[in-house]
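Observations on the model geometry
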Amino acid sequence: MALHRFEKGELGHWLRIVADNGEPGAEQTEVPEHVATALETLRCIHAGADGRWLITDKGRLALRMEEPGAIHLR
């Protein structure tokens with residue numbers, strides 16, 4: 001099975017959606033199964049006790065690296 005090939009900015013986009021979905025009272029946005037599988041394989045997300053996707057520390061780091069003010073972009 002081929003791993004999803006993320007386009008520039010796509011990884012951050014989906015990680016932001018997973019992070020936002022985890023906020024209390026947030027409107028839930030569907031994450032496509034192939035994207036969720038790829039993010040889980042990369043260990044950026046994991047399934048919580050209630051079955052919802054939760055962002056991991058690695059996923060939070062990836063989000064920070066995608067931000068416009070990230071140190072590697074200076």
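Scroll up to find the structure this text is about.
A few points on the structure.

Thresholds applied
Residues numbered from 1 in each chain as written. Predicted model: local features only at pLDDT ≥ 70, side-chain atom pairs only at ≥ 80, totals over all residues. Heavy atoms only, no water. Helix = DSSP H or I, 4+ residues; strand = E, 2+ residues; numbered from the N terminus. Buried < 20%, exposed > 50% of the residue type's maximum accessible area, 1.4 Å probe, protein only. Polar contact = N/O pair within 3.5 Å; in protein donor to acceptor, adjacent residues only side chain to side chain. Contact = heavy atoms within 4.5 Å. Core = buried A, V, L, I, M, F, W, Y, C linked by side-chain atoms within 4.5 Å.

Another point: unusual backbone geometry. With a phi close to 65 degrees, Arg43 is a non-glycine residue in the positive phi region. You can see Arg43 is positioned in the loop between helix H2 (33–41) and strand E1 (45–47). The exposure class assigned to Arg43 is exposed, which follows from its relative accessible area of 65%.

Positionally, Thr56 belongs in the loop between strand E2 (53–55) and helix H3 (57–66). Overall, Thr56 belongs to the buried group, its relative accessible area being 15%. There is a polar contact of 2.8 Å between the side chain of Thr56 and the backbone oxygen of Arg43. When sequence neighbours within four positions are dropped, the list of residues in contact with Thr56 reads Arg43, Cys44, Ile45 and His46.

Residues Trp14, Leu15, Val31, Leu39, Ile45 and Ile55 are the most contacted members of the largest nonpolar core, which totals 15 residues. Here this core gets six residues from one element, more than from any other, and that element is helix H1 (residues 10–21). Ignoring sequence-local partners within four residues, the contact set of Val31 consists of Trp14, Ile17, Val18, Asn21 and Ala36.

What follows deals with the environment of Glu67. Secondary-structure assignment places Glu67 in the segment after H3. Judged by relative accessible area, Glu67 falls into the partly exposed class, the value being 39%. Linking Glu67 and Gly12, residues 55 residues apart in sequence, is a C-alpha distance of 8.3 Å.

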